[in-house]
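# Residue-level structure breakdown
The residues making up each chain are set out below.
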Amino acid sequence: MTERAEVQTLDTNMHGWPGITAVYLLPGRNPAVIDTGPGSSVEHVLPALQAAGIDSLAWIVLTHIHLDHAGAAGHLAQHFPEAKVVVRKEGARHLADPSRLWASASQLYPNMQELWGKMLPVDPDRIVAISEDGPVVELGGGRRLEAHYAPGHAKHQMALLDSHTGDLFVGDALGVQIPEAGVVRPATPPPEFDLELTVHTAERLHKLGPSRVFPTHYGPAPDVHQIFEEAPRRFTQWVEAAERVYAAGGGLEEMVEDFRARRPEFYPDLDPEVVEKFEYSCSYDLNARGILRYLQQRNTR
Ligand SMILES: [Zn+2]
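Below is a short write-up of the structure.

Rules of the game
Residues numbered from 1 in each chain as written. Predicted model: local features only at pLDDT ≥ 70, side-chain atom pairs only at ≥ 80, totals over all residues. Heavy atoms only, no water. 1 Å grid on protein atoms, 1.4 Å probe; cavity = no way out; pocket = protein on both sides within 12 Å on 5 of 7 lines; lining within 4 Å. Points joined across faces, edges and corners; volume = space filled by probe spheres on them. Helix = DSSP H or I, 4+ residues; strand = E, 2+ residues; numbered from the N terminus. Nonpolar A, V, L, I, M, F, W, Y, C, P; charged D, E, K, R; others polar. Pairing = 2+ DSSP bridges. Axes fitted to C-alpha atoms, helices over the stretch in contact; angles between N-to-C directions. Contact = heavy atoms within 4.5 Å. Donors = N, O, S within 2.8 Å, 3.2 Å for Na, K, Ca; no water. Tetrahedral: all angles 85-135°; square planar, octahedral: opposite > 155°, others 65-115°. Buried < 20%, exposed > 50% of the residue type's maximum accessible area, 1.4 Å probe, protein only.

### Observations regarding the layout of surface pockets
Considering only enclosed or pocket space, the largest pocket measures out at about 1,200 Å³ in volume. Around the largest pocket, the lining is made up of 47 residues, and of these His66, Leu108, Pro189, Pro190 and Pro191 lie nearest the centre. For the lining of the largest pocket, the secondary structure elements donating two or more residues are α2 (67-70), α4 (89-96), α5 (99-106), α6 (112-116) and α12 (284-299). If one sorts the elements of the lining of the largest pocket by residue count, α12 sits on top with nine residues. By residue class, the composition of the lining of the largest pocket is 20 nonpolar, 14 polar and 13 charged.

### Remarks on the sheet that holds strand β8 (residues 143-149)
Spatial strand order, β7-β8-β9-β10-β11: five strands in an open sheet with mixed pairing. Both outer strands of the open sheet, β7 (134-140) and β11 (212-215), are each paired with one neighbouring strand and no more. Going across the sheet, the axis of each strand differs from the next one's by a mean of 25°, ignoring polarity. The pairing of strand β10 (residues 167-171) with β11 spans four bridges and is parallel. Counterpart to Phe169 in the pairing with β11 is Phe214. Strands in contact with helix α8 (residues 224-247) are β10 and β11; relative to β11, the strand with the most contacts, it is inclined by about 55°.

### Regarding the environment of Arg204
Mapping Arg204 onto the fold places it in helix α7 (residues 195-207). It is 30 Å that separates the C-alpha atoms of Arg204 and Met14, two residues lying 190 residues apart in sequence. Look past the residues within four positions of Arg204 in its chain and what remains in contact with it is Asp133, Tyr149 and Pro151.

### Things to note about the coordination of the zinc ion
Protein coordination of the zinc ion is provided by His64 (NE2), His66 (ND1), His153 (NE2) and Asp172 (OD), with donor distances spanning 2.1 to 2.4 Å. Here the zinc ion is ringed by four donor atoms whose angles at the metal span 85 to 173°, and the overall shape comes out irregular. Mapped onto the sequence, the residues coordinating the zinc ion show the spacing H-x1-H-x86-H-x18-D. Linking His66 in the loop between β4 (59-61) and α2 with Asp172 in the loop between β10 and α7, this pair joins segments that are 106 residues apart in sequence. A single burial state applies to His66 and to Asp172, both of which are buried.

Everything listed here is a matter of coordinates, which is why it stays silent on function.
Written out as structure tokens, the structure reads:
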């Protein structure tokens, strides 16, 4: 396998759905995965890695520690005892001890275990906590992954740029773009979503001039300039819609209702069934909760 080995998109089949949550595999001398899927997807991810010829992993890199991205980090770390786990410093302690993260997510999901499987702790000695932008992962032959801090969707998110290919792995920084839909759906979950940071991050990442962009949900974006143009616009559009509901005294339920009613505006020309598929990566409810929290906090600062 060459140093320039092409990135492979592995499907986690999250919650039984194909094509919504990816693990990106960078094969080569020091193989790396970017994001891991949830603990409940390990049964898909391990065989997919095996089928790709991976019997050893050097790096498990996490864009952020939400359960659909990092839930299986402990499982993969156990399976590949030589791998280092790379994460922004703000997320590191939650990998070593996932109990608080788990408790906070339990407030949003009644059936945690069934949806997310288990989250196993990662030995702190194996965690590489990133506090600055720059090269963080050596893939071999001078090829590196560079970290770029990418707050907005979450405070502890980073994007990773492949120095050889120019591929940029953005986690949820630019929202969700599933293959059946060209449209970007914002991902605005609580408790850390922030619109200004999201827009600022999109601008900064665009300036890196990546050749391709890989949101975790799902696969390479069909058009690099389109996703950078559309993502900030859609995040803003959803927040503005929610703001009007909030200003009129509405709460969570009214926001969700309003989002659903705006389907033709949010998703012109898109099949309603495809729109529903977005629910499995970031639901209307989760997005409304995150925006509501953001609006409440913004009003108190
Ligand atoms: Zn996320």
